[in-house]
Amino acid sequence: GAGVSQSPRYKVAKRGQDVALRCDPISGHVSLFWYQQALGQGPEFLTYFQNEAQLDKSGLPSDRFFAERPEGSVSTLKIQRTQQEDSAVYLCASSVLPGGSGGYTFGSGTRLTVV
Amino acid sequence: EDKVVQSPLSLVVHEGDTVTLNCSYEVTNFRSLLWYKQEKKAPTFLFMLTSSGIEKKSGRLSSILDKKELFSILNITATQTGDSAVYLCAVASRDSGTYKYIFGTGTRLKVLA
């Protein structure tokens, strides 16, 4: 597609519920990144995929967070047993180059609110 | 610990004013510094800087990097209400082949008509 598409735009989850956030990167982009942006803060790195391989997941805050990109295009970020501290905007970004050099294109994000 | 610090945190100016936004960093394996504009959700790319002293310019916006003093500035001249946004600075460090971007908390700019 023309840009990075994320869905849903907004998600309200009850504490303890599992959620799945979708990212559809720009076609042909090798690199895909997930970031978490809390209110009033800059985005913080969660994980990185090069094609279908998850090469870096050092930013995932706990084992409740899981990401996949099985066919090297669409990616899903899953959060199990959501907690209130998970409330944030989750941004996906893609880059045509491996590693993300040269900058990213961000999607509009999914705003997750855990109540 | 790697960090990126932006100042000021927020700024209110009137249309036509010139503003300077600051970004200082302490990052290992520095590769590049990027500026983004975030209006609602998605940060949009403004500049990428890799070399010291070379100004990047796009219309009323310009930016420069000082790799010796570890900072960058973003200038906006003749500000307009449409410039109101959060301006994010991000520094790319390369670790095991991945360009990991460390973001500052941003400068919230409001331009009054």
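Preceding this paragraph is the structure being described.
These numbers come from a predicted model, not from an experiment.

### Re the sheet that holds strand β6 (residues 56–58) of chain B
Residue and element names in this part refer to chain B.
Thought 1: In space, the five strands of this open sheet follow the order β1-β3-β8-β7-β6, with antiparallel pairing throughout. Both edges of this open sheet fall to β1 (3–7) and β6, since each of them pairs with a single strand only. When strand polarity is set aside, the average angle formed by the axes of neighbouring strands in this sheet is 15°.
Thought 2: The sheet contact formed by strand β3 (residues 19–26) and strand β8 (residues 71–76) spans six bridges and is antiparallel. When the bridges of β8 are listed, Ser24 appears paired with Phe71.

### Considering the side chain of Thr107 of chain B
Thought 1: Turning to its location among the elements, Thr107 of chain B is positioned in strand β11 (residues 107–112).
Thought 2: Polar contacts involving the side chain of Thr107 of chain B include one to the main-chain carbonyl oxygen of Pro8 of chain B, which spans 2.5 Å.

### Focus on the sheet that holds strand β1 (residues 5–7) of chain A
Residue and element names in this part refer to chain A.
Thought 1: If you walk across this open sheet you meet the four strands as β1-β3-β8-β7, and the pairing is antiparallel. In this open sheet, the two strands that pair with only one neighbour each are β1 and β7 (65–68). With strand direction ignored, the average angle separating the axes of adjacent strands in the sheet is 15°.
Thought 2: Two elements, β1 and strand β3 (residues 19–24), share three bridges in a ladder whose sense is antiparallel.

### Considerations on the environment of Glu68 of chain A
Residues and elements named next belong to chain A.
Thought 1: With respect to the helices, strands and loops of the structure, Glu68 is situated in strand β7.
Thought 2: For Glu68, a relative accessible area of 27% translates into the label partly exposed.
Thought 3: Through-space distance from the C-alpha of Glu68 to that of Asp18 is 15 Å; in sequence the pair is 50 residues apart.
Thought 4: Residues contacting Glu68, with those up to four places away along its chain left out, are Phe49, Val74, Ser75, Thr76 and Lys78.

### Re the pairing of strand β10 (residues 98–103) of chain B
Residues and elements named next belong to chain B.
Thought 1: Most of β10 sits out of view: six of its six residues are buried.
Thought 2: By the alternation rule, side chains of β10 split into Thr98, Lys100 and Ile102 and Tyr99, Tyr101 and Phe103, which are all buried.
Thought 3: Here strand β9 (residues 85–95) runs beside β10; their pairing, made up of six bridges, is antiparallel. Each bridged residue has a counterpart across the sheet, and for Val91 the counterpart in β10 is Ile102.

### A word on the pairing of β9 of chain B
Two faces, one strand: in a regular strand the side chains alternate between the faces of the sheet.
Residue and element names in this part refer to chain B.
Thought 1: Counting buried positions along β9 yields nine of eleven residues, so the element is predominantly enclosed.
Thought 2: In this sheet, β9 lies alongside strand β4 (residues 30–38) in antiparallel orientation, the contact comprising eight bridges. If you follow Trp35 over to β9, its bridge partner there is Cys89.
Thought 3: Pairing of β9 with β11, which is carried by three bridges, proceeds in the antiparallel orientation. In the strand pairing of β11, Val86 is matched with Arg108.

Rules used in this analysis
- Residues numbered from 1 in each chain as written.
- Chains lettered and ligands numbered in written order.
- Predicted model: local features only at pLDDT ≥ 70, side-chain atom pairs only at ≥ 80, totals over all residues.
- Heavy atoms only, no water.
- Pairing = 2+ DSSP bridges.
- Helix = DSSP H or I, 4+ residues; strand = E, 2+ residues; numbered from the N terminus.
- Axes fitted to C-alpha atoms, helices over the stretch in contact; angles between N-to-C directions.
- Polar contact = N/O pair within 3.5 Å; in protein donor to acceptor, adjacent residues only side chain to side chain.
- Buried < 20%, exposed > 50% of the residue type's maximum accessible area, 1.4 Å probe, protein only.
- Contact = heavy atoms within 4.5 Å.

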